[in-house]
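The lines below spell out each chain.
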Amino acid sequence: MKKLNVAIIGQGRSGYSIHGQHFLKDAERFRVAFVVDALPERREKAERVFGCRAFADYRELFDHRDEIDLVVNATFSYMHAPVAIDLLKHGFNVVSEKPFAGTAEQVDEMIAAAKESGRMLAPFQQSRVAPYFKKVREVIDSGVLGRIVSIDIQFSGFARRWDWQTIQDFTAGSLFNTGPHPLDQALTLLGGEEMPEIFCRMDRADTFGDAEDYVKLIMTLPGRPVVDVEISSSNAYPWGTYNVQGTHGGLWASIKEAKWRWFDPKEAPEQKVIRTPLTSPDGEPAYCSEKLPWHEAHWVAGEGENPFESAVRDYYTNIYNHLTNGEALIVTPEQVRRQIRVIQRAHELNPLDKFC
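Visitor: Teacher, can you tell me more about the overall build of the chain here?
Guide: When helices and strands are tallied, the chain shows nine helices and 14 strands. In terms of overall dimensions, the chain has a C-alpha envelope of 90 × 50 × 35 Å along the principal axes. Every one of the 356 residues in the chain was classed for burial, and the buried ones make up 51%. Considering only intrachain contacts with a sequence separation of at least 6, the fraction spanning at least 24 residues in the chain is 72%. If you sum the accessible surface of the chain, you get close to 17800 Å²; carbon and sulfur atoms cover 50% of it. Averaged over its 41 positive side-chain charges, the chain has a centre that lies 1 Å from the centre of its 50 negative ones.

The following block contains the structure:
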C-alpha cells in the first residue's frame, strides 16, 4: 500500500489534535513528514511526536515539493484562502480547513488556482460523512417519512469564549467556526444548487469578542423543506441535533443515536374533509383525532465508536483513494462555495460593530 507523505500547516487544536492524531492512527496510509508552526514549542513537540521536520514558515515547504503528497492547511481562518491558493500555485495537493474561505469570491480564486495547477483542492468538511448524518440522510431518502416539511438542526450548548475565534478580523464567530458543519449538512439536505432564500439573526450573548456567538439561520427553496439551523452558546438545555418533520412521520437524532416513527398511508384509516361538526358515538362534541398505525425504529452509533473520529477516518479514506486511484471527492469546492455565499449573506444581513 502506498504511503502518502503529509505536511501540516498549523499545530493548534485542528492541525495537531484532529489531523495529526488521525495520521498517527492511520500510519499505514499516511506519514507526517513536515509540520509548520510559528511557535517553537509546537515545532519541537511535532518533531518529537511525529518524527518529522518542522518549519516556522509554510513557504519553506516549497523546497520540498517532491517529498510531499498532501498539505493540510490548518492555519488561522482568515489565512485559509490565501495560503491554499499559494500552495496550489506551487504544485501541492491541498486539504483546507473550515471555513473554506471568507467569501465566495475567494472560493472562485481557489478553484481557479486548483484547475490551473491540476492539483487537488478539498474542503475539510468531515461532517458530511458523520455516522449520524449518514443515518439521517438514509431515513429521509427511504421515503418513509413522506414529503419532508421542515428540518431543524441544532449545534448548541452553553459556553463562554474569549479566544481568537471570537474576533471578526480573524474570520471568526459561530457561523464561520461551527457553522460550516451544520450548514454543509443543511444544504446537502435542502438540495438544489441555487442560492436559497434566507433569514438570519445573529447576536453577541456570552462572548467576550466582537463576533457573534448566537445564530438563527432559516433557509428554503421552492418545493423544498424549510431548514432551520441554530448555533448557540446560550443553550443550557440542548434537545439534540436533528428534528425532521415529514407528512408521514418524523425523526430525532443526536450525534450518537437516532429514532424515527412513521405510518404507512395504506394502513391508515381513510378520511375525507367534512363541513359539519364532529360528534362522538354518544353524541358529545368531539375533537378531530384518529389512531394511526405507527412504526418505530432506532439507531445507535457503534459501541466504542467516536462519531467525530469516524467521520475524520471516512473523510481521509476518500482523500487517500482520490489521490491514489482517482476516486471522486465526497465534498467538492464547488459545493462548499454555496455554503460560503450563505455565510457571507448572513453577515451582510447582520452587520456587527468591531471593537477587538
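Visitor: Could you clarify how one ought to interpret the nonpolar core in this entry?
Guide: A general tendency of soluble globular proteins is for nonpolar side chains to be buried together. If you look at the biggest cluster of nonpolar residues, it comprises 69 residues, and the most contacted ones within it are Leu61, Ile151, Met219, Tyr242 and Leu251. Among the elements that take part in this core, helix H3 (residues 80-89) stands out by supplying six residues, more than any other. With sequence-adjacent residues up to four places away left out, Leu251 is seen in contact with Val136, Val139, Leu145, Tyr242, Asn243, Val244, Lys259 and Trp260. By size, the runner-up hydrophobic cluster in this structure holds 26 residues, among which are Phe23, Val35, Cys52 and Tyr320.

Visitor: What should I look at first to understand the sheet that holds strand E7 (residues 148-156) in this one?
Guide: In sheet architecture, strand pairing relies on hydrogen bonds along the backbone and comes in two forms, parallel and antiparallel. Spatial ordering of the open sheet is given by E8-E9-E10-E7-E11-E12-E13-E14, a layout of eight strands whose pairing is mixed. With one partner strand each, in any of the chains shown, strand E8 (197-203) and strand E14 (294-300) form the two edges of the open sheet. Each strand of the sheet is rotated relative to its neighbour by a mean of 10°, with strand direction disregarded. Bridge count for strand E12 (residues 249-253) against strand E13 (residues 257-263) is five bridges, and the pairing is antiparallel. Considered in E13, the bridge of Leu251 is made with Trp260.

Visitor: Any chance you could explain the packing of aromatic side chains here in plain terms?
Guide: How two aromatic rings sit relative to each other is set out by the distance from centre to centre and by the angle between their planes. As enumerated under the stated definition, the model contains 20 aromatic pairs in all. Aromatic pair Trp162 and Phe208: ring centres 6.2 Å apart, planes at 85°, arrangement edge-to-face. One end of the pair, Trp162, is in the loop between E7 and helix H6 (174-177); the other, Phe208, is in the loop between E8 and strand E9 (214-220), with 46 residues separating them in the sequence. Exposure remark for Trp162: the relative accessible area of 64% places this residue in the exposed category. Using a relative accessible area of 48% as the deciding quantity, one classes Phe208 as partly exposed. A connected cluster of aromatic rings, assembled from ring pairs, spans Phe23, Phe30, Phe124, Tyr315, Tyr316 and Tyr320. One residue, Arg261, lies across the ring of Trp294, its end atom 4.1 Å from the ring centre.

Visitor: Explanation requested: the packing of helix H7 (residues 180-190) against helix H9 (residues 333-349) in the structure shown.
Guide: Working note: a packed helix pair is described by the angle between its axes plus the distance between those axes. Closest axis-to-axis distance for the H7/H9 pair is 10 Å, and the angle between their directions is 120°. The handedness of the crossing between H7 and H9 is right-handed. Note on element contacts: H9 touches H7 through Val336, Arg338, Gln339, Val342 and Ile343, opposite Pro180, Leu183, Asp184 and Leu187. A breakdown of the residues in the contact of H7 with H9 according to their chemical character gives six nonpolar, one polar and two charged.

Visitor: I keep staring at the sheet that holds strand E5 (residues 94-96) and nothing clicks. Help me out?
Guide: Taken together, six strands build an open sheet; the order of strands is E3-E2-E1-E4-E5-E6 and the sheet is parallel. Two strands lie at the open edges of the sheet, namely strand E3 (53-55) and strand E6 (121-123), each paired on one side alone. If you compare each strand with its neighbour and ignore which way they point, the axes differ by 25° on average. Note: E5 against E6, three bridges, orientation parallel. Bridge assignment links Val95 to a residue of E6, and that residue is Ala122. The sheet contacts of helix H8 (residues 307-325) involve strand E1 (4-9), strand E2 (30-36), strand E4 (70-73), E5 and E6, and relative to E4 the element is tilted by about 145°.

Definitions and cut-offs
Residues numbered from 1 in each chain as written. Predicted model: local features only at pLDDT ≥ 70, side-chain atom pairs only at ≥ 80, totals over all residues. Heavy atoms only, no water. Helix = DSSP H or I, 4+ residues; strand = E, 2+ residues; numbered from the N terminus. Buried < 20%, exposed > 50% of the residue type's maximum accessible area, 1.4 Å probe, protein only. Contact = heavy atoms within 4.5 Å. Areas by Shrake-Rupley, 256 points an atom, 1.4 Å probe, with all protein chains shown as cover. Lys, Arg positive; Asp, Glu negative; His and termini not counted. Charge placed at Lys NZ, Arg CZ, Asp CG, Glu CD. Core = buried A, V, L, I, M, F, W, Y, C linked by side-chain atoms within 4.5 Å. Pairing = 2+ DSSP bridges. Axes fitted to C-alpha atoms, helices over the stretch in contact; angles between N-to-C directions. Phe/Tyr/Trp six-rings, centres within 6.5 Å; stacked < 30°, edge-to-face > 60°. Lys NZ or Arg CZ within 6 Å of the ring centre and 35° of its normal. Left-handed = near helix turned anticlockwise from the far one by under 90°. Nonpolar A, V, L, I, M, F, W, Y, C, P; charged D, E, K, R; others polar.

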